[in-house]
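What follows is each chain in one-letter form.
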Amino acid sequence: MLVLGIESSCDETGLALYDSDLGLLTQALHSQVALHADYGGVVPELASRDHVRKITPLTHRVLSDAGKTLEDLDAIAYTAGPGLMGALLVGASFAKSLAWSLNIPALGIHHMEAHLLAPLINRGSNDLGLPFVALLVSGGHTQLVHVRGLGDYDILGESVDDAAGEAFDKTAKLLGLGYPGGPKIAAEAERGNAKRFRFPRPMTDRPGLNFSFSGLKTYALNTVQSLAPLTQQDIADVSSAFEIAAVDTLVIKCRRAIEQTGAKQLIIAGGVSANQRLRAELEEKLAAEVVYAPLDLCTDNGAMIAYAGALRLQTGARENLSIHTRPRWPMTELTPI
Ligand code: KG4
Ligand code: ZN
């Protein structure tokens, strides 16, 4: 089954072709980071318009890179939510119209389910290692999920305020490092003095698997204000303290989740799972196999949508022609298959 995957939930237009026998064939991505840079965040209307501009040429590109034509497609998977309403609508309308014209099914995919499955893309559909625990860490989500089956999710814990990626982004902004903040903080942290500051590990002193990252960001703000004006060394040292504390907090909760569930596998997914320190610490400190995606499949992309779509479509999942997007969509409301 050849599936075209379309991601357009936020500020990346991602297209990909996944073949259920051969795996990922091609993918193409356009990032809008430069478009939104002057505004300090994603401007929804600009995002939608840019998706409109890029979605058709990127579709042609993935098809020609794979030596395929539209007629070779068996199905189309698109991100139906959660995300920005206008941005989602671009992908959904494009997918539904194209599928209708080709007389093939189009299926709406949950963006976070796709992130969660991305690290398993090379395993096809036979050996997902179920049940397992997943840490979903992106710009909008921080969740620990017990995955019993595809679509059968139990949220073990989540952030009560900022998402982990959001805390990286806001701290980077305080330090004048720009967006997205995660990779910039990680790069600064490499030349920082890890011993100069000790930042708190929020909510680790009590039982439970919820997270809170806004206090960590406020701690960073207070530190920055006490140091102003910042030197290059201050920026590196604050980056290092922040990264160590954020990673430590995530590792402590993951260890608890593995102990609590007895799971043998931890999947880490979403943009923050690209963080090298997080990967290394989890591998060192967890009594479970740690699985993560290649770097280009950690952040938003079309491949994860195509793969999640193929897994669901193979079990017969279908939907009608209406264009239905869900900007807010709890993962626990997904249909188990
Ligand atoms: O999954 P994603 O691409 O988009 C959302 O669905 O949110 O995640 C983006 C987030 C941003 O907050 C970005 O700063 C963070 O992932 N990120 C990182 C790293 N690379 C991206 N955070 C920490 N370390 C990284 N290396
Ligand atoms: Zn994402």
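Only a predicted model underlies this, so the values are computations on that prediction, with no experimental measurement involved.

Calculation notes
Residues numbered from 1 in each chain as written. Chains lettered and ligands numbered in written order. Predicted model: local features only at pLDDT ≥ 70, side-chain atom pairs only at ≥ 80, totals over all residues. Heavy atoms only, no water. Helix = DSSP H or I, 4+ residues; strand = E, 2+ residues; numbered from the N terminus. Rg over C-alpha atoms; globule rule 2.2 N^0.38 Å. Buried < 20%, exposed > 50% of the residue type's maximum accessible area, 1.4 Å probe, protein only. Contact = heavy atoms within 4.5 Å. Areas by Shrake-Rupley, 256 points an atom, 1.4 Å probe, with all protein chains shown as cover. Lys, Arg positive; Asp, Glu negative; His and termini not counted. Charge placed at Lys NZ, Arg CZ, Asp CG, Glu CD. Expected span 1.5 Å × (residues − 1). Bend = angle between axes of the 7 residues up to and from the residue. Pairing = 2+ DSSP bridges. Axes fitted to C-alpha atoms, helices over the stretch in contact; angles between N-to-C directions. Salt bridge = Lys/Arg side-chain N within 4 Å of Asp/Glu carboxyl O. Near = heavy atom within 4 Å. Polar contact = N/O pair within 3.5 Å; in protein donor to acceptor, adjacent residues only side chain to side chain. Nonpolar A, V, L, I, M, F, W, Y, C, P; charged D, E, K, R; others polar. Domains from an automatic or database assignment. Donors = N, O, S within 2.8 Å, 3.2 Å for Na, K, Ca; no water. Tetrahedral: all angles 85-135°; square planar, octahedral: opposite > 155°, others 65-115°. Buried area = accessible area lost by both parts, 1.4 Å probe.

1. A few points about the overall build of the protein chain
Then comes step 1: The helix and strand tally for the protein chain stands at 10 helices and 10 strands.
Then comes step 2: The C-alpha atoms of the protein chain give a radius of gyration of 20 Å, which matches the 20 Å a tight globule of 337 residues would have.
Then comes step 3: C-alpha atoms of the protein chain, sized along the principal axes, occupy 60 × 45 × 30 Å.
Then comes step 4: Buried positions account for 54% of the 337 residues belonging to the protein chain.
Then comes step 5: At a minimum sequence separation of 6, the contacts of the protein chain that also span at least 24 residues come to 72%.
Then comes step 6: Only carbon and sulfur atoms are counted for the fraction: they give 52% of the accessible area of the protein chain, which is about 14100 Å².
Then comes step 7: Averaging the locations of the 29 positively and 37 negatively charged side chains of the protein chain gives two centres separated by 5 Å.

2. Things to note about helix 2 (residues 44-65)
Then comes step 1: The terminal C-alpha atoms of helix 2 lie 30 Å apart, and with 22 residues this matches the ideal 32 Å at 1.5 Å per residue to within 8%.
Then comes step 2: Along helix 2, the helix axis deviates most sharply at Lys54, where the bend reaches about 35°; the proline Pro57 sits within four residues downstream.
Then comes step 3: Turning to helix 2, its buried residues number three or more, namely Ala47, Ser48, Asp50, His51, Ile55, Leu58, Thr59, Val62 and Leu63.
Then comes step 4: Of the residues trailing helix 2, Gly67 is marked for its positive phi of about 70°.

3. Examining the sheet that holds strand 3 (residues 23-31)
Working definition: the strands of a sheet are paired by backbone hydrogen bonds and lie parallel or antiparallel to each other.
Then comes step 1: Judged by pairing direction, the sheet is mixed, and its 5 strands sit side by side in the order 3-2-1-4-5 without closing on themselves. Taken across any chain shown, the strands that pair with only one partner, and hence form the sheet edges, are strand 3 and strand 5 (106-110). Across the sheet, the axes of successive neighbouring strands diverge by a mean angle of 20°, strand direction being ignored.
Then comes step 2: Sitting on the sheet, helix 2 is in contact with strand 1 (2-7), strand 2 (12-19) and strand 3, with an inclination near 25° to strand 2.

4. Observations concerning the pattern of salt bridges
Then comes step 1: A full pass over the atoms with the stated rule returns 18 salt bridges.
Then comes step 2: As a salt-bridge pair, Asp50 and Lys54 come within 3.3 Å of each other at their nearest N and O atoms. Of the two residues, Asp50 and Lys54 both sit in helix 2, 4 residues apart, roughly one turn of that helix.
Then comes step 3: When its relative accessible area of 4% is taken as the criterion, Asp50 is described as buried.
Then comes step 4: Note that Arg191 and Glu188 form a salt bridge whose closest N and O atoms lie 2.7 Å from each other.
Then comes step 5: Residues joined in a network through salt bridges with shared partners are Asp162, Glu166, Lys170 and Lys217.

5. Some remarks on the site of ligand 1
Then comes step 1: In the vicinity of ligand 1, 19 residues are found, and the nearest of them are Gly139, Asp169, Gly182, Gly271 and Asn275.
Then comes step 2: The side chain of His115 places a nitrogen or oxygen atom 3.1 Å from an oxygen atom of ligand 1.
Then comes step 3: One nitrogen or oxygen atom from the side chain of Asp169 is found 2.7 Å from an oxygen atom belonging to ligand 1.
Then comes step 4: Those elements that provide at least two residues to the shell around ligand 1 are helix 4 (111-117), helix 5 (164-174) and helix 6 (181-190).
Then comes step 5: Residue composition of the shell around ligand 1, grouped by class: 5 nonpolar, 12 polar and 2 charged.
Then comes step 6: The residue makeup of the shell around ligand 1 includes at least three contributed by each of domain 1 (2-117 + 297-333) and domain 2 (130-292).

6. Digging into the coordination of the zinc ion (ligand 2)
Then comes step 1: At 2.0 to 2.1 Å from the zinc ion (ligand 2) lie its protein donor atoms, namely His111 (NE2), His115 (NE2) and Asp300 (OD).
Then comes step 2: Because the angles between the 4 donor atoms bound to the zinc ion (ligand 2) fall within 92 to 144°, the donor set is best described as irregular.

7. As for the domain arrangement of the protein chain
Then comes step 1: Domain boundaries in the protein chain define domain 1 (2-117 + 297-333) and domain 2 (130-292).
Then comes step 2: For domain 1 versus domain 2, the separation of C-alpha centres amounts to 27 Å.
Then comes step 3: On the side of domain 2, 22 residues touch domain 1, which itself brings 15 residues to the contact.
Then comes step 4: When domain 1 packs against domain 2, the two sides together hide about 1400 Å² of surface, and 74% of this comes from carbon and sulfur.
Then comes step 5: Counting every contact that joins domain 1 to domain 2 gives 0 salt bridges.
Then comes step 6: Between domain 1 and domain 2 we count 2 residue pairs in polar contact (both at pLDDT 80 or more) in total.
Then comes step 7: With 5 residues, the top contributor of residues to the side of domain 1 that touches domain 2 is helix 4.
Then comes step 8: Its residues assigned to classes, the side of domain 1 that touches domain 2 shows 8 nonpolar, 4 polar and 3 charged.

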